Amino acid sequence: MRQIILSLFFFLCTGAFAQQPRIYFFPDFVKSRIVYKNKQKFQVMLNFDAANSQMLYKQDGVMMELANPAAVDTIFVGDRKFVYHQKQFCEVFKRDKGVVLLGWRLKQVHQGQTGAFGLPTQAHVQKLSSVDLSGMGLGANPNAGMGMTQYDSHGAPSLDVWKQKNDNTYYIVKDGKEYKLKTLKTVYKAFPQQSDRIKEFVSENKLDMVHADNAVQVIDFIFGL
């Protein structure tokens, strides 16, 4: 089995080519099933780096990057499903009137350090803690990294303060056409004839495309138009 896996995976040691500090989607590596387009299947301990859109897995205690993602059909992590679409891993959400491919993308934003009275001060960055996004109603934390703050004391007298910023992409198909949505501006541009109705719905419900829960509500409304 080891030789078979070695023949199908090209290994990259973790962090070697990461452009951003890793933000783990799950609190730990999870037993997962990878199904390839050629019907081959493998079970691995897997986690998703939501900062760099990389699937990582452990083998013999070493963390590796899953390469050649275009050859992957579906990755099953518990009751969650990921596919590779438009050069990024997307989680699949089946809605009442359509399917949403959610390309999770989280970025770290340093807020400084806490000083007197807990107020942030600008200081040297030391560490970003891993993030648990595994319990959201959609399939992850409802904050989805948009309001969550990470503190790293590390025994120091001051605390590094981080916030995570959501830069998700949403792919949907409506009336036979695929749309790539990221912001409300892209939504209004994609559906100009319905933009006034969408704007009214967004305003009445105080929605945005920043929080994943809000974004999917906007998309559900679009599916119903």
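Please read these numbers as outputs of a predicted model, since none were measured by experiment.

The rules behind these values
- Residues numbered from 1 in each chain as written.
- Predicted model: local features only at pLDDT ≥ 70, side-chain atom pairs only at ≥ 80, totals over all residues.
- Heavy atoms only, no water.
- Helix = DSSP H or I, 4+ residues; strand = E, 2+ residues; numbered from the N terminus.
- Buried < 20%, exposed > 50% of the residue type's maximum accessible area, 1.4 Å probe, protein only.
- Contact = heavy atoms within 4.5 Å.
- Arc of directions from axis to C-beta.

Q: Give me the lowdown on the environment of alanine 70, citing residues and values where you can.
A: Turning to its location among the elements, alanine 70 is positioned in the loop between strand S4 (62–65) and strand S5 (72–77). Given a relative accessible area of 43%, alanine 70 falls into the partly exposed group. Taking the C-alpha atoms as reference points, alanine 70 and lysine 37, separated by 33 residues in sequence, lie 8.9 Å from one another. With near-sequence residues (within four places) excluded, alanine 70 lies in contact with Lys37 and Tyr84.

Q: Explain the environment of valine 44 residue by residue, including any values.
A: Secondary-structure assignment places valine 44 in strand S2 (residues 41–49). Sequence separation between valine 44 and tyrosine 57 is 13 residues, and the spatial gap between their C-alpha atoms is 6.4 Å. In contact with valine 44, not counting residues within four places along its chain, are Val30, Lys31, Ser32, Ile34 and Tyr57.

Q: How would you sum up unusual backbone geometry? Please name residues and give values.
A: For glutamine 86, which is not glycine, the phi torsion reads 50° and is therefore positive. Its place among the elements puts glutamine 86 in the loop between strand S6 (80–85) and strand S7 (88–95). Within the chain, aspartate 175 stands out as a residue other than glycine whose phi angle is a positive 55°. Assignment of secondary structure puts aspartate 175 in the loop between strand S13 (169–174) and strand S14 (177–181). Taking relative accessible area as the criterion, aspartate 175 reaches 75% and is therefore assigned exposed.

Q: Report on the environment of lysine 58, specifying residues and quantitative values.
A: Structurally, lysine 58 is set in strand S3 (residues 54–59). Residue contacts for lysine 58: discarding those within four places in its chain leaves Phe29, Met45 and Met63.

Q: If you had to explain helix H3 (residues 195–205) to someone new, which residues and values would you point to?
A: Regarding H3, the residues found buried are Ser195, Ile198, Phe201 and Val202. Along the long axis of H3, the arc covered by the buried residues comes to 125°, so they all point the same way. Facing away from the buried side of H3 by more than 90 degrees, the exposed set consists of Asp196, Ser203 and Glu204. On its buried side, H3 packs onto helix H2 (184–190) and helix H4 (212–224). Immediately beyond the C-terminal end of H3, within one or two residues, lies lysine 206, with a positive phi of roughly 55°.

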